[in-house]
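Residue-level structure breakdown
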Protein chains: 6
Amino acid sequence: MRIGIYPGTFDPITNGHIDIILRSTMIFDQVVVAVTTNQNKSPLFTVEERIEMIRASLKSLDHIEIESFDELLVNYALRKKASALIRGLRATSDFEYEFQMALMNSKLCKDLITVFLMPNEKYTYLNSTIVKEVARLGGSVECFVSHFVNEKLKVKFNLT
Amino acid sequence: MRIGIYPGTFDPITNGHIDIILRSTMIFDQVVVAVTTNQNKSPLFTVEERIEMIRASLKSLDHIEIESFDELLVNYALRKKASALIRGLRATSDFEYEFQMALMNSKLCKDLITVFLMPNEKYTYLNSTIVKEVARLGGSVECFVSHFVNEKLKVKFNLT
Amino acid sequence: MRIGIYPGTFDPITNGHIDIILRSTMIFDQVVVAVTTNQNKSPLFTVEERIEMIRASLKSLDHIEIESFDELLVNYALRKKASALIRGLRATSDFEYEFQMALMNSKLCKDLITVFLMPNEKYTYLNSTIVKEVARLGGSVECFVSHFVNEKLKVKFNLT
Amino acid sequence: MRIGIYPGTFDPITNGHIDIILRSTMIFDQVVVAVTTNQNKSPLFTVEERIEMIRASLKSLDHIEIESFDELLVNYALRKKASALIRGLRATSDFEYEFQMALMNSKLCKDLITVFLMPNEKYTYLNSTIVKEVARLGGSVECFVSHFVNEKLKVKFNLT
Amino acid sequence: MRIGIYPGTFDPITNGHIDIILRSTMIFDQVVVAVTTNQNKSPLFTVEERIEMIRASLKSLDHIEIESFDELLVNYALRKKASALIRGLRATSDFEYEFQMALMNSKLCKDLITVFLMPNEKYTYLNSTIVKEVARLGGSVECFVSHFVNEKLKVKFNLT
Amino acid sequence: MRIGIYPGTFDPITNGHIDIILRSTMIFDQVVVAVTTNQNKSPLFTVEERIEMIRASLKSLDHIEIESFDELLVNYALRKKASALIRGLRATSDFEYEFQMALMNSKLCKDLITVFLMPNEKYTYLNSTIVKEVARLGGSVECFVSHFVNEKLKVKFNLT
C-alpha cells in the first residue's frame, strides 16, 4: 500500500488544499493530511479546530487520514510508513522554498521522495494568509473555502 | 493499476532522467517512458537510438515501458490509460514552463494530473543540451550519463 | 486623448490577448493593437491574416485600432502620439523579458511609459506557441481562441 | 473620469514611489495615494506622519489625492469609484506577490483591474525597509528620499 | 593586498558558509568574516558564540579574519580597506535580495563591488534557519555543520 | 598572479560588458576576455571584428588580454592557468542559466570557481541582442555601446 503524507499548517484549509488532497487520492492508496502544531507561526486556529475544519471540508474521508504531528517531518513519515511527501505548488516563490525543503528532506531520509502537485489554476492565487486577511476585513471568502470554514472565520473575527 | 507517463525528448537520456524514472517506480505500478518524435527540435539522435539508449541505461526494466509517440500528449496518455503525467523539476526556469504545460494539459484533459518529482541535488544542473555541448568539445561526460550513452556520444562526435 | 499601444506578434490572437485588449479599453481612450511584421520569428500566419483574425475575434472595435508596424517600437509609439505601451504579464519568465524591454524603451524614449496588465487567471497558461502546437497535433483549441481563429488553424494544418 | 488607486504603507515614501505616482498621473485623471493603516506591520511612522511626508515629497498635488484607509482594498476602491489599482513592480519577488494579490482582488471584484508600472531603473533596488535600515545606521539616504523625509528620518533615529 | 568582506549572521555557520569562505581565499589575499550583531533578527546564538563557532569550524585561519560589526556595511568595508563584498548565492529568491543589496551598496559606495560565489551543489539547499529547525526537532545535522557547531546546537536545544 | 577569465560571445561588446571587465580588474591581476567562436549562434560579427571592437572599446588594456577560444571552457581556463571564471549577472533568467553552467563547470573542474559580478544598475537591461535589434531598426544605441561599436553597427546595417 502506497501512503502519501500531505503536511501543512492548514490555518485554515482552503479549496486549494482540498484540490491537492483529491488529486493525491488519485495517486496514493492512502493520504495522510498531517497538521503541524507549528507553535512559532502563532496560527489563528488551534490544532483541534484546524483538524475539525479539514474533516468538515472533505466530502469523503475514504483513503484519507487526518492527524497532527510535532516532530521532524521525515521521522513522522518513516513512522507512518509513507513512501512520499506531497506538496502543492503555486508559483515560483513557493517553488524555491519547496525545492529547498525537498532537498533537505531527501538528505535526512534517502528513501523518502517528494511529489509535487499543482492545483487547478483557479487556486493558484489562494493561500490561507490571504484568506484570513480578506475575512478579517469583512470580505467574502465563500468561494475560497468550504461553508464550514467560512462560518468559523466569521465567528473568529466577530463578523456574525 | 496506476500508470504514470514520463514524456521527454531524451536526446540523450542522462543520469537525471534515470533518477526520475527510478523515483517514479516508487509511486506508480507502471511507468511509461514516452519519447517524443520531436521533429522541430532536430535531435542529435534518432528516436530508435534514443529508445535504445534509455533501455541500455536502466538496470532493470521491471514496471517500465519505453516507446515513442507522435500525437497530442493528453491523447496519448488517455490511450495508455495513464492516471498521471510525470515531470522532473530542476530550477525555476523549468518550473515556469512545466507549470504552463501542466495547466494546459489539465485544461485539455481534466482527469489527467501532473506529478512533479525532483531529482537528487547532484543532478539539478544536468540537462541533455549541456551534456551534448560538453561531449562535442571533447569533455568527459561519464559521470552525467550511462556508459552506453557515453560511448554513443563519442561515436556521434567522432571522438573515438 | 490617452492612447495606449498593445504591440505583439499575435500569431494567432488568443483569448488571453483579447482579455488584455478589453482591460486596456477600460484605461485608455484609444487602444492601438500593433502587429509586428516580425520576419525573424517566421510566423505561421501572414501579417494580413493575423490582422484579420484580431478584427474577427473582437466583438466591438470601438476605441480600438489595428495595424501593423515595421519600425522601432518607440518611434512608432511617438508617431501614434501614444502615452503608454501596454503589455500582458503571465508568469515570471515573461516578467523578466518584459522588464528588460520596458527599461530599454524608457531609455530610448523617456516620456513613454509601459503599463502591465494581468489577464484573467484562466489565461495565465495561454500563449500562441502552445495553441499552435496543440492545434497542429489535432487537439481542440476552441476554448483558447475565437471561433474564427479556430477555423483558420484547422485550415492551416489541413485538419478540416 | 478615470481614477487610479495607488495603495501602500509608504513608511516612508521613497523616490521610487514618487516616480510611480508621477507615471500614474500620465495615465489616470485622478490618482489616489491610499495609505494602509497596517497595524500588524508595526510601521516606523504614524499614518499622519506618512501622509504628511507624501504631501511634502510631491512637487504638485494636481490630480492627486492622499488619504488613509482601513478596509478591504477592493471595497475601498469601489467606494472611491476607481477603475484600477496601481502597483509598482521592481523585481521578480515583487512580481510573485503582486500577481497573487491582483488575482485575488480581481476575484473579489471583477471590474477592478490592476495596472503595473515599472519605476525608472534607478529605483529598482529601492524600498522603504532598506532606506530605514540605512538611515538607522547613520548612512545617507538623501538621494533615495525627498529632503523632507530625510529630515524626518534623522529626527526619528536621533541623528541630528 | 586585496581584502574581501564576507558579512552575515552566521547563526550558526554551516558547511555552505565554510565552502564560500574557502572559495573566497582563492580570490582574495585576506577574507574578513564579518558577523552582524543583528539585534532585530533575534539570533539563537550570541555574537561571541557565533564567532567562536566560525573559528572552530575552519581548519585553517590563514588569510582569514573574524570579527563582528555594528555599523553600515559599506562604512565598515571602507574602514577595513576592502575592495569587495562577498556573498554566497543559492537560489533565485536569494538572488533577488542579494541583487537589491548589491545595488544599494554600490549606490552608497561606488568603489565597493560585490562578488557573488556559488557553493558546491551539495549546499544549495542549506541555510542556518533550516539547520536550526531540524536540530530543534532532534534531527541529525552533522553533515550540514561542523562537529563543534553540532555539539553547540545539541546543548542549546537540551538534546544531550 | 590571479587570472580571471571572462568568456562570452561579445556580439558586440556593450557598456555592460565593459563595466564588468573594469570591475574584474579590481579583483584579478589579469583578466582574459575570451571570445567564443560560437558557430551555432550565427553571430552578426566575425570573431576578428568582435575582438577588434572589444579592444577599441576599452580605454586601457592594462592587465587585460583579449583572445578567442574554441574548446571546452574549463580546459581553456586550465590552459590559461586561471583561478576563476567571471560572469556578469543581470536578472533572474540570467541567474538560472549561469547557476547551471557554474555547477557544470565546477563538476568538470573542481578547482575552477565562478565569480559573479553585477553591472551598474544602468546596465541591468542591456544585452547584445537588444542592441542589435534597436540598431537594425535605426534606433540610436550610442549610450549603450562605445562610439567604435556604434559606427560598426551602422555600417553592418547600411545605416550610414
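See above for the structure.
Source: prediction; values computed, not measured.

Let us look at the overall build of chain A. Within chain A, the secondary structure is distributed over six helices and five strands. Along its sequence from the N terminus, chain A presents helices and strands in the succession β-α-β-α-β-α-β-α-β-α-α. Taking 160 residues into account, the globule formula puts the C-alpha radius of gyration at 15 Å, and chain A, at 15 Å, falls close to it. Overall, the C-alpha framework of chain A stretches about 50 × 30 × 30 Å when taken along its three principal axes. Evaluated residue by residue, chain A yields a buried proportion of 61% over its 160 residues.

Okay, the relation of the copies chain C and chain D next. Rotating chain C by 180 degrees about the axis while translating it 0.0 Å along that axis superimposes it on chain D, leaving an RMSD of 0.0 Å. In the structure described here, the two chain copies are related by an operation that fits a two-fold rotation axis. When C-alpha distances to the rotation axis are compared across chain C, the minimum falls at Phe116(C), with a value of 2.4 Å. The residues that chain C uses at the interface reappear at the interface of chain D in 100% of cases, marking a shared surface.

Enumeration according to the criterion identifies twelve aromatic pairs over all chains in this entry. Measuring from centroid to centroid gives 5.3 Å for Tyr6(D) and Phe10(D), while their planes differ by 75 degrees, and the two rings are edge-to-face. In terms of burial, Tyr6(D) and Phe10(D) fall into one category: buried. Ring geometry for Phe69(E) against Tyr76(E): centres 4.7 Å apart, planes inclined by 15 degrees, an arrangement best described as stacked. In this pair, the class of Phe69(E) matches that of Tyr76(E), namely buried.

Across the contact, 29 residues belong to chain C and 29 residues belong to chain D. In total, about 2,600 Å² of surface goes out of reach between chain C and chain D, with carbon and sulfur atoms giving 65% of it. Of all residues in chain C, Arg2(C), Ile27(C) and Met118(C) bury the most surface against chain D, accounting for 24% of the area lost on that side. Across the chain C-chain D interface, the total number found is two salt bridges. Taking the shortest distance from any N to any O, the salt bridge between Arg2(C) and Asp29(D) comes out at 3.0 Å. Counting every contact that joins chain C to chain D gives nine residue pairs in polar contact (both at pLDDT 80 or more). Of all the secondary-structure elements, those providing two or more residues to the side of chain C that touches chain D are α1 (15–25), α4 (92–108) and β5 (113–117) of chain C. Tallying contributions element by element places α4(C) first for the side of chain C that touches chain D, with seven residues. When the residues that make up the side of chain C that touches chain D are grouped by side-chain class, the tally is 16 nonpolar, five polar and eight charged.

Let us look at helix α2 (residues 47–57) of chain F. Residue and element names in this part refer to chain F. Those residues of α2 that sit buried are Val47, Arg50, Ile51, Met53, Ile54 and Ser57. One side of α2 holds all its buried residues, which, seen down the axis, span an arc of 160 degrees. Where α2 is buried, its residues touch α1 (15–25), β2 (30–36), β3 (64–69) and α6 (147–156).

Next up on the list: the pairing of β2(F). Residue and element names in this part refer to chain F. Counting buried residues in β2 gives seven out of seven residues, a clear majority hidden from the surface. Residues Gln30, Val32, Ala34 and Thr36 of β2 are buried on one face, and the alternating residues Val31, Val33 and Val35, pointing to the opposite face, are buried as well. Here six bridges tie strand β1 (residues 3–8) to β2, and the two strands are oriented parallel to one another. When the sheet's bridge partners are listed, Gly8 is paired in β2 with Val35. Crossover β1 to β2 through α1 is right-handed. Two strands pair when backbone bridges link them, and β2 and β3 are joined in this way by six bridges, in the parallel orientation. Of the residues in β3, the one forming a bridge with Val35 is Ser68.

With that settled, the discussion passes to the interface of chain A and chain B. For interface size, the figure often reported is the accessible area lost on association. With 29 residues of chain A in contact, the opposing surface of chain B contributes 29 residues. Across the chain A to chain B interface the summed buried area is about 2,600 Å²; carbon plus sulfur atoms make up 65%. Three residues, Arg2(A), Ile27(A) and Met118(A), lead the burial of chain A against chain B; their summed loss comes to 25% of the area buried on that side. Counting across the chain A and chain B interface gives two salt bridges. Where chain A packs against chain B, one counts nine residue pairs in polar contact (both at pLDDT 80 or more). In terms of residues, the side of chain A that touches chain B owes the most to one element, helix α4 (residues 92–108) of chain A, which gives seven residues. Here the residues of the side of chain A that touches chain B sort into 16 nonpolar, five polar and eight charged.

This part covers the relation of the copies chain A and chain B. Structural alignment of chain A on chain B gives an RMSD of 0.0 Å, achieved by rotating through 180 degrees and translating 0.0 Å along the axis. Of the residues that chain A buries at the interface, 100% are likewise interface residues in chain B, meaning the two copies contact each other through the same surface.

It is worth spelling out the pattern of salt bridges at this point. Taken as a whole, this structure holds 60 salt bridges over all chains when the rule is applied. For Lys156(E), the salt bridge identified is with Glu49(E), shortest N-O distance 3.3 Å. Placement of Lys156(E) in helix α6 (residues 147–156) and of Glu49(E) in helix α2 (residues 47–57) is noted, with a sequence separation of 107 residues between them. For Lys156(E), a relative accessible area of 30% corresponds to the partly exposed category. Two residues, Glu133(F) and Arg136(F), come together in a salt bridge whose shortest N-O distance is 3.1 Å. Of the two residues, Glu133(F) and Arg136(F) both sit in helix α5 (residues 128–136), three residues apart, roughly one turn of that helix. The class of Glu133(F) is partly exposed, set by a relative accessible area of 33%. Judged by relative accessible area, which is 34%, Arg136(F) ranks as partly exposed.

Scoring rules and cut-offs
- Residues numbered from 1 in each chain as written.
- Chains lettered and ligands numbered in written order.
- Predicted model: local features only at pLDDT ≥ 70, side-chain atom pairs only at ≥ 80, totals over all residues.
- Heavy atoms only, no water.
- Helix = DSSP H or I, 4+ residues; strand = E, 2+ residues; numbered from the N terminus.
- Rg over C-alpha atoms; globule rule 2.2 N^0.38 Å.
- Buried < 20%, exposed > 50% of the residue type's maximum accessible area, 1.4 Å probe, protein only.
- Least-squares fit on C-alpha atoms with pLDDT ≥ 70 in both.
- Contact = heavy atoms within 4.5 Å.
- Phe/Tyr/Trp six-rings, centres within 6.5 Å; stacked < 30°, edge-to-face > 60°.
- Buried area = accessible area lost by both parts, 1.4 Å probe.
- Salt bridge = Lys/Arg side-chain N within 4 Å of Asp/Glu carboxyl O.
- Polar contact = N/O pair within 3.5 Å; in protein donor to acceptor, adjacent residues only side chain to side chain.
- Nonpolar A, V, L, I, M, F, W, Y, C, P; charged D, E, K, R; others polar.
- Arc of directions from axis to C-beta.
- Pairing = 2+ DSSP bridges.
- Right-handed = clockwise from strand over helix to strand, strands pointing away.

Everything listed here is a matter of coordinates, which is why it stays silent on function.
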